[in-house]
Every structure is written in C-alpha cells, then in structure tokens.
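Report on the structure
Here is what each chain is made of, one letter per residue.
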Amino acid sequence: MALRARALYDFRSENPGEISLRKHEVLSLCSEQDIEGWLEGVNSRGDRGLFPASYVQLIRAPAAAEPPPPARYANVPAGGFDQGSDDDWDDDWDDSSTVADEPGALGSSYGDYEAAAPGGGPGRYRLSTRSELSLGSRGGGTHPGGHPHPHPPGGAKSSATVSRNLNRFSTFVKSGGEAFVLGEASGFVKDGDKLCVVLGPRGPEWQENPYPFQCSIEDPTKQTKFKGMKSYIAYKLVPSHTRQQVHRRYKHFDWLYGRLAEKFPVISVPHLPEKQATGRFEEDFISKRRKGLAWWMDHMCSHPVLAQCDAFQHFLTCPSTDEKAWKQGKRKAEKDEMVGANFFLTISVPAGPSAGLDLQEVESQVDGFKAFTKKMDESALQLNHTANEFARKQVTGFKKEYQKVGHSFKCLSQAFELDQQAFSAGLNQAIAFTGEAYDAIGDLFADQPRQDLDPVMDLLALYQGHLANFPDIIHVQKG
C-alpha cells in the first residue's frame, strides 16, 4: 500500500530541505513516522523534502496505479505493459546483498548518514553536531534542520521534547561536510584518489583529464532471457580510449548514477533520462532514450573528475560477458571509503598566498550563482513547456490544417476533370499538384521538430537535471 497524504493547508518552504504544499494536493510519503513533527515526502510537482506533519492528513486507502508519463507531443501510441522491465534489478545480475544492507556500510545516496561514536556503532565516522539539544516547547517542535515548526492555521499547537541531532536532515550533514569541518573525517588517501584543484584563468577549477576520451552509444537492441519471459533493451557502448565495445542496460546506467551521486556531494552528476512504465519497446521511445543517454555520456566523458572515477571506468571497460569481473568491480565501487566526509579529504587545493580566496567575494559569487540558477531553472522550464507545445502543434495541428487545404484543392481538381476539354488538362494537373504540395508542406511541419526542437529539448533536459542538483551543492558550500 502506497503511503499518501492530503494537504490540509498551504505551506510555503523557507529553508533548504523543505517543500511547499498546496491545499488539497496529494503527496507521496517516504515514511509514515514523523520526526520531531515533520514528514518527508514528494509533492505533486515532484519536489522531495520535509513538511509539517500537522499540515497533512494521511490517506489510508490503497493508491491507484499512476498513469504513465505522457509521450512527447502526445502523438506516440501508448502500448500496454511490456513483458518484464529493463529498468528492474535481476537476480542473475546481482545477489540480494548490497553494501547498503551490510553492517558497517554507508547507506545509499538516498538515505541518511547515521551518527555513531567511534567504535561504538556501525557508522564509519561521526556526524554529530556536538549540540544535542533538548527542547520542551508549547509553541510547537523544531525542524530537523533547526527551524521552528509552523502551526496550521487555526489549529491546535503541539508540544515536543527533542533530544536528537537537529541537523539530521541537513544536506551539509548528509554530504559529510559537517564531519569534515569538525575534524571528524579521517582516512588514508591514495595518490590515485586525489582530486586536484588548480587556478585557471577564471579562478579555481578541476585539473583537466590528461587522457581525454569519448564514448558512443549506438544500436539499441531488444534481447530476452529466461526463455523469453523477460525482455530488455541493450545499448552498445564503444569508448574511444579502449575501442572495445560493451553492452549495457538502463539499470547499469542507473547503478552508476547512484554511485557517482553518493561519492561526489559537491559535483553535479547529470540526471538520466526518465523511466517509463509503458511503451518501453516503442521505436520512438527507444530512440529518445538513446539520444538522452548519449547526451549524458558526452557530459560524463568531458568532466575532468567524473570521467576518471573508478566506477565510471569499470562501467565502460568491464566485458559484458564477464559477470564475475562485473560483480567484483561493482562491489568494490560500493565499498569505496572515500565518500561523504572522507571525500573532502581527497581534494588538493593550490598552495601559496596567491591561492587564498576572499570569503566575502566567494559568498558574493555563490549568492550570484544561486540567483542565476534559480532564474535559469524557471526560464528552462518555461522554454521546455513552450517548445513542447509548439512542437505538438506542428506535429498535429499545423499538419492537419495544411492537409485540409490540400484535400480541398484535390477535390477541385477532381471536379474539373469531369469537364473533358483538351485545353483544361494542364490546369487540372496544376490544381492537383497544388493539393499535393500542401500535403507535403504538412508533412514537413510534422517532421521539423526532429530537426530543431527535439535536440534543444533533449539538451535542456540535461541542464534541468543540473539545475535540480545545484541547490544542495550551494547549501554544502554555504555550510
């Protein structure tokens, strides 16, 4: 049964990690258990974060199946549910044990790092703020990030006694930034794990990859296993630095994305093309996903840090037929200790007085970048909506209107053909040709989005993924 809740009041988020609510909207809950008066969930706009538990009412009825996402331009036929899912995990690809389930392992990128005293718990490093506060307030509880509870309009005020780390859900804490600042991060950094920051012409930047490469994604093919009971799409990848082709499924990309997002808390890892429940084997969807993965791969290969990551290189180079080697590399990446607070130990900054940064200037630049990304996010969303609507009109409305005109000319031509006069044959042909020309113009309108708007929207989707990452990265920087 899906956990859902209905908003009783409007709520406007004012702090990082919170989401806004609209009265009567339905939210998906990550857990029914509230923490200090706050719940975590996803609102109807897809934003995930915290909101006051007193502002919502739990829905106990089973959730109806969610409809599949609309196809681009709404002109792609919707198919039934496909046999199997190429996005699911398979028992033959990996066993049920993962690093997130093992004692002493760090949680996945979607979980919370638990505080643990050295030697006294499963965590690898402490994340305590050293300020365990105990509050007893009649005026409401406290946000896990340290902010007071808003009370529902006209509602009864609640009391709460808190004896936990109030920064528990902070991005700064979950990224390991707090543990690093407090000197609680410790670990041996190998030379191969070091990430160098250098002073470039525009300021600090990652040191370039000395061995740049590219990787193509081609030939998506439908394959089956379990005697045809399960179907999936495999993509052929050919890295330029090895020239050895490998085949990967979407779930392999999904695994890689999760590892990179967990390991690099201050690097924006681009989002993958979205999953789809139905129509996954339709030609248009497969083509669109391949293009999206190609955009994603181009960005990954060009990034000076992500391209050299061991997990990414394992993804690109491990032979598709060597299942044992794949699992060994996969588990090695999942047990990487240079994540969270330890990740910051791997960063090597320029030495010398000239490398010092003025804190006020840095804060000013961060605030300027925050304002820029917020405005760009709004503009990108507007452009995506406008371009998608315009493309839909070209594919359906414009094409249909021009075909109507063409049909009218054809009817006129057929009428003139009833007049069997020798001198009118040329005119009849001209009218018929005009009707065919209008039909051709309609087809050109329908095909045009593939030439211009589709590439723009595919690239825009990649940037929208980056823009969704930046608030958390900026929050870590501010912390």
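Residues numbered from 1 in each chain as written. Predicted model: local features only at pLDDT ≥ 70, side-chain atom pairs only at ≥ 80, totals over all residues. Heavy atoms only, no water.

**Observations concerning the sheet that holds strand β8 (residues 195-200)**
Here three strands make up an open sheet; going across it, the order is β9-β8-β13 and the pairing mixed. The sheet is open, and its two edges are formed by β9 (203-206) and β13 (347-348), each paired on a single side. Of the strand pairs in this sheet, β8 and β9 are connected by four bridges, and their pairing is antiparallel. The residue bridging Gly200 from the neighbouring strand is Gly203, located in β9. (Pairing = 2+ DSSP bridges. Helix = DSSP H or I, 4+ residues; strand = E, 2+ residues; numbered from the N terminus.)

**Some thoughts on the pairing of strand β4 (residues 48-52)**
A large share of β4 lies buried, amounting to four of its five residues. Of the strand pairs in this sheet, strand β3 (residues 38-42) and β4 are connected by five bridges, and their pairing is antiparallel. Note on β4: the bridge partner recorded for Val42 is Arg48. Here β3 hands over to β4 after five residues, with Gly46 in that stretch at a positive phi of 90 degrees. (Buried < 20%, exposed > 50% of the residue type's maximum accessible area, 1.4 Å probe, protein only.)

**Quick look at the side chain of Arg248**
Locating Arg248 in the fold gives a position in strand β12 (residues 246-249). With no salt bridge to any partner, buried Arg248 finds its closest opposite charge in Asp322, at an N-O distance of 10 Å. Only 2.8 Å separates the side chain of Arg248 from the backbone oxygen of Phe315, close enough to count as a polar contact. Ignoring sequence-local partners within four residues, the contact set of Arg248 consists of Ile233, Ala234, Tyr235, Leu237, Phe253, His314, Phe315, Cys318, Ser320 and Trp326. (Lys, Arg positive; Asp, Glu negative; His and termini not counted. Salt bridge = Lys/Arg side-chain N within 4 Å of Asp/Glu carboxyl O. Polar contact = N/O pair within 3.5 Å; in protein donor to acceptor, adjacent residues only side chain to side chain. Contact = heavy atoms within 4.5 Å.)

**A word on the pattern of salt bridges**
All told, the structure shown has 13 salt bridges when counted by the stated rule. The salt bridge partner of Lys236 is Asp219, with a shortest N-O separation of 3.0 Å. Placement of the pair is Lys236 in strand β11 (residues 230-239) and Asp219 in strand β10 (residues 215-225), with a sequence separation of 17 residues. Residues Lys374 and Glu378 are paired through a salt bridge, measuring 2.9 Å at the closest nitrogen-oxygen approach. On the criterion of helical spacing, the pair formed by Lys374 and Glu378 is a turn pair, its members being four residues apart in helix α8 (residues 359-417). Judged by relative accessible area, Glu378 falls into the partly exposed class, the value being 42%.

**Some points on the side chain of His303**
Following the sequence through the fold, His303 ends up in the loop between α4 (283-302) and α5 (310-317). Reaching out from His303, the side chain makes a polar contact with the backbone nitrogen of Val305 at a distance of 3.1 Å. Setting aside residues up to four positions removed in sequence, His303 forms contacts with Trp206 and Ile267.

**Overview of helix α10 (residues 453-478)**
The end-to-end C-alpha separation of α10 is 37 Å, in line with the 38 Å expected for 26 residues at 1.5 Å each. Phe470 marks where α10 bends most, by close to 30 degrees; the proline Pro471 follows one to four residues later. (Expected span 1.5 Å × (residues − 1). Bend = angle between axes of the 7 residues up to and from the residue.)

**Points about α4**
With 20 residues, α4 extends 29 Å from end C-alpha to end C-alpha; this agrees with the ideal 28 Å at 1.5 Å per step. Taken residue by residue, α4 has Phe285, Ile286, Arg289, Arg290, Gly292, Leu293, Ala294, Trp296, Met297, Met300 and Cys301 as its buried positions. Against β10, β11, α3 (250-263), α5 and α10 lie the buried residues of α4.

That is the geometry; function is a separate question.
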